[in-house]
Amino acid sequence: MAKVKFTIKNEKGEDVVKSTKTILTEHYRDYLNLMIELESEINDVEKLDKQLEFIANLCDDVTVDDLLKGTRFADVAVIFSRIYACLVGDEDPKENN
């Protein structure tokens, strides 16, 4: 089963590799609910917060604050797209384990 590994900066500015939990069907359901929320009448800050919460909830040791302070937005977009690829089976799980 698939996991997504990604790098964030810690408080010392060092790169740290993090990983999601195993991505399951229940997470796809959570993703679908997130998409409904993102299409609603909320502002861009709230949308970003919801995306960060979704990513953080897939990890045991990553918080929204870690993502805010340890990544660039471009990194978040890549992490989010790799998670989506795993959710729908477009990414080879062997590449991320």
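Just so it is clear, the structure is predicted and the values come from calculations on it, not from any experiment. (Residues numbered from 1 in each chain as written. Predicted model: local features only at pLDDT ≥ 70, side-chain atom pairs only at ≥ 80, totals over all residues. Heavy atoms only, no water.)

Draft legend 1. Representation of the nonpolar core in the model. Counting residues in hydrophobic clusters, the biggest one holds 22 residues, and the most contacted among them are Phe6, Phe54, Ile55, Leu67 and Ile83. The set of elements that each furnish at least two residues to this core consists of strand 1 (5–9), helix 1 (25–38), helix 2 (44–57) and helix 4 (73–87). (Core = buried A, V, L, I, M, F, W, Y, C linked by side-chain atoms within 4.5 Å. Buried < 20%, exposed > 50% of the residue type's maximum accessible area, 1.4 Å probe, protein only. Helix = DSSP H or I, 4+ residues; strand = E, 2+ residues; numbered from the N terminus.)

Draft legend 2. Structural context of the pairing of strand 1. Taking every second residue as pointing to the same face, the buried face of strand 1 carries Phe6 and Ile8, while none of Lys5, Thr7 and Lys9 on the other face is buried. Sheet topology places strand 1 next to strand 2 (residues 15–19); 5 bridges connect them, and they run antiparallel. Within the sheet, the bridge partner assigned to Phe6 lies in strand 2 and is Lys18. Hairpin remark: strand 1 followed by strand 2, antiparallel, with 5 residues in the connecting loop; positive phi at Gly13, about 85°. (Pairing = 2+ DSSP bridges.)

Draft legend 3. Spotlight on the packing of helix 1 against helix 2. At their nearest, the axes of helix 1 and helix 2 sit 10 Å apart, and the two run at 175° to each other. In terms of axis orientation, helix 1 runs roughly antiparallel to helix 2. The residues of helix 2 that touch helix 1, namely those facing His27, Asp30, Tyr31, Leu34, Glu37 and Leu38, are Lys47, Lys50, Gln51 and Phe54. A breakdown of the residues in the contact of helix 1 with helix 2 according to their chemical character gives 4 nonpolar, 2 polar and 4 charged. (Axes fitted to C-alpha atoms, helices over the stretch in contact; angles between N-to-C directions. Parallel < 35°, antiparallel > 145°, perpendicular 65-115°, else oblique. Contact = heavy atoms within 4.5 Å. Nonpolar A, V, L, I, M, F, W, Y, C, P; charged D, E, K, R; others polar.)

Draft legend 4. Geometry of the packing of helix 2 against helix 4. Orientation of helix 2 relative to helix 4, taken along the N-to-C sense of each, is 55°, at an axis distance of 11 Å. In terms of their interaxial angle, helix 2 and helix 4 are classed as oblique. Where helix 2 crosses over helix 4, the two elements pack in a sense that is left-handed. Contacts from Leu48, Gln51, Leu52, Phe54 and Ile55 of helix 2 reach helix 4 at Phe73, Val76, Ile79, Phe80, Ile83 and Leu87. Counted by class, the contact of helix 2 with helix 4 contains 10 nonpolar, 1 polar and no charged residues. (Left-handed = near helix turned anticlockwise from the far one by under 90°.)

Draft legend 5. Region of interest: the pattern of salt bridges. Per the stated rule, a full pass over the model turns up 5 salt bridges. Ionic pairing is found between Lys69 and Asp65, a salt bridge with its closest N-O pair at 3.5 Å. Of this pair, Lys69 and Asp65 both sit in helix 3 (residues 64–70), 4 residues apart, roughly one helical turn. (Salt bridge = Lys/Arg side-chain N within 4 Å of Asp/Glu carboxyl O.)

Draft legend 6. Representation of the confidence of the model for the chain. Mean pLDDT for the chain: 91, with 92% of residues reaching 70 or above. Per-residue pLDDT, averaged within each element of the chain, yields its smallest value for helix 4 (94) and its largest for strand 2 (97). (pLDDT = per-residue confidence, 0-100.)

Draft legend 7. Broad picture of the environment of Leu48. The topology assignment puts Leu48 in helix 2. On a C-alpha basis, the gap between Leu48 and Asp61 in space is 19 Å, while along the polypeptide they are 13 residues apart.

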